[in-house]
Amino acid sequence: MKKLVILIFLLGAIVAKAQKNFDFGLTLGGLYSMPQKGERFAADINNGYGQEFGIYISKRIWKPVSLNAGIACRGIKNNYLQEDNPTGGYYDPNDVVGVWLPFKQTYWFVPINLRFNILKDRLFLEPGIEVVWLTSHKIKKDHKNELNWKLEIGKEFGALQCSVNYIQGMSLQGLHLTSNDIVSPLSYKQSLFQLKIGYSIWHKQ
């Protein structure tokens with residue numbers, strides 16, 4: 001799947017090279033992760049940090065509006081609570097003890113965005129969606145991929161772009177983590193705050 005997406009993107013970049021009003025570049029970002037717990041009896045997950053890098057292509061479809069797409073890799077580290085219920089049987093949250101263990105995630109995702117230049121091109125506003133695949137863990141069959149929506153606001157400084165993003169998962173993710181023969185169910189939606197920079201390495205008017 002990843003090879004297919006990369007191949008499609010590279011073919012798109014080749015086609016873009018022959019067209020007008022195309023932009024091709026790199027992105028790099030830092031993340032603050034705030035996962036939202038789903039099912040009641042799922043393990044707790046705390047906030048964490050991450051990073052991402054990727055490539056993008058952009059096509060101006062109207063003077064103030066561009067269509068952007070790309071492919072990127074995102075790494076996030078949270079911690080989850082591996083619980084041990086000493087009472088056995090009936091679940092009493094007051095009796096639960098446990099230990100916090102690392103939950104490292106690697107995602108590949110394809111963003112599709114519309115960029116609007118606003119305030120006489122002083123800033124840009126970019127809503128969009130992300131189709132996301134968690135590749136570092138085995139996901140339940142009904143949670144094979146994740147769909148996120150995002151809102152980005154930023155400013156261009158020549159070839160350099162700086163922006164702030166909020167990214168929210170739309171679909172509930174479920175998986176099981178095992179450590180020391182204890183299985184911990186996780187159920188969550190990802191919520192991210194991001195600082196991102198982009199750099200245009202090829203541009204054609």
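Rules behind the numbers
In this convention, every chain numbers its residues from 1, walking through the sequence in written order. A pLDDT threshold of at least 70 governs which residues receive local features in this predicted model, and a stricter bar of 80 or more applies before side-chain atom pairs are shown or counted, although totals over entire chains, interfaces and linings include all residues. Heavy atoms from the whole structure form the basis of all side-chain values; hydrogens and water molecules are not counted. Secondary structure elements are defined from DSSP: runs of H or I of at least 4 residues count as helices, runs of E of at least 2 residues count as strands, and each element is numbered from the N terminus. The rule is simple: take the accessible area with a 1.4 Å probe, protein chains only, and divide by the maximum for that residue type; under 20% is buried, over 50% is exposed, in between is partly exposed. The contact criterion used throughout is that any non-hydrogen atoms of two residues lie within 4.5 Å. Exposure was quantified through the Shrake-Rupley algorithm and a 1.4 Å probe, taking into account, for residues, occlusion by the shown protein chains and nothing else. Here, any two strands with at least 2 DSSP bridges between them count as paired. The nonpolar core is taken to be a set of buried Ala, Val, Leu, Ile, Met, Phe, Trp, Tyr and Cys residues, with the residues joined through side-chain atoms within 4.5 Å.

Draft legend 1. Spatial organisation of the overall build of the protein chain. What the protein chain contains, in helices and strands, is one helix and 11 strands. The secondary structure elements of the protein chain, listed N-terminal to C-terminal, are α-β-β-β-β-β-β-β-β-β-β-β. Looking at the protein chain as a whole, 39% of its 205 residues qualify as buried. Partitioning the contacts of the protein chain with sequence separation of at least 6, the portion at a separation of at least 24 is 63%. When the accessible surface of the protein chain is totalled, it reaches about 11,800 Å², and 63% of it is carbon and sulfur.

Draft legend 2. Broad picture of the environment of Pro-111. Its location among the elements puts Pro-111 in strand 5 (residues 97–118). The sequence separation of Pro-111 and Asn-148 amounts to 37 residues, and the corresponding C-alpha distance is 9.1 Å. The residues touching Pro-111, leaving out its near neighbours within four places in the chain, are Asn-68, Ala-69, Gly-70, Ile-71, Ile-129 and Glu-130.

Draft legend 3. Quick look at the pairing of strand 9 (residues 173–179). Pairing analysis gives seven bridges linking strand 9 to strand 10 (residues 182–189), with the strands arranged antiparallel. Looking at strand 10, one finds that His-176 is bridged to Pro-185.

Draft legend 4. Representation of the nonpolar core within the structure. Ranked by size, the top nonpolar core spans 18 residues in total, and within it Tyr-80, Phe-103, Tyr-107, Leu-175, Leu-177, Leu-186 and Tyr-188 carry the most contacts. Of all the secondary-structure elements, those providing two or more residues to this core are strand 4 (65–84), strand 5, strand 6 (123–134), strand 9 and strand 10. When near neighbours in sequence (up to four residues on either side) are disregarded, Phe-103 contacts Ile-76, Lys-77, Asn-78, Asn-79, Tyr-80, His-137, Leu-175, Leu-177, Leu-186 and Tyr-188.

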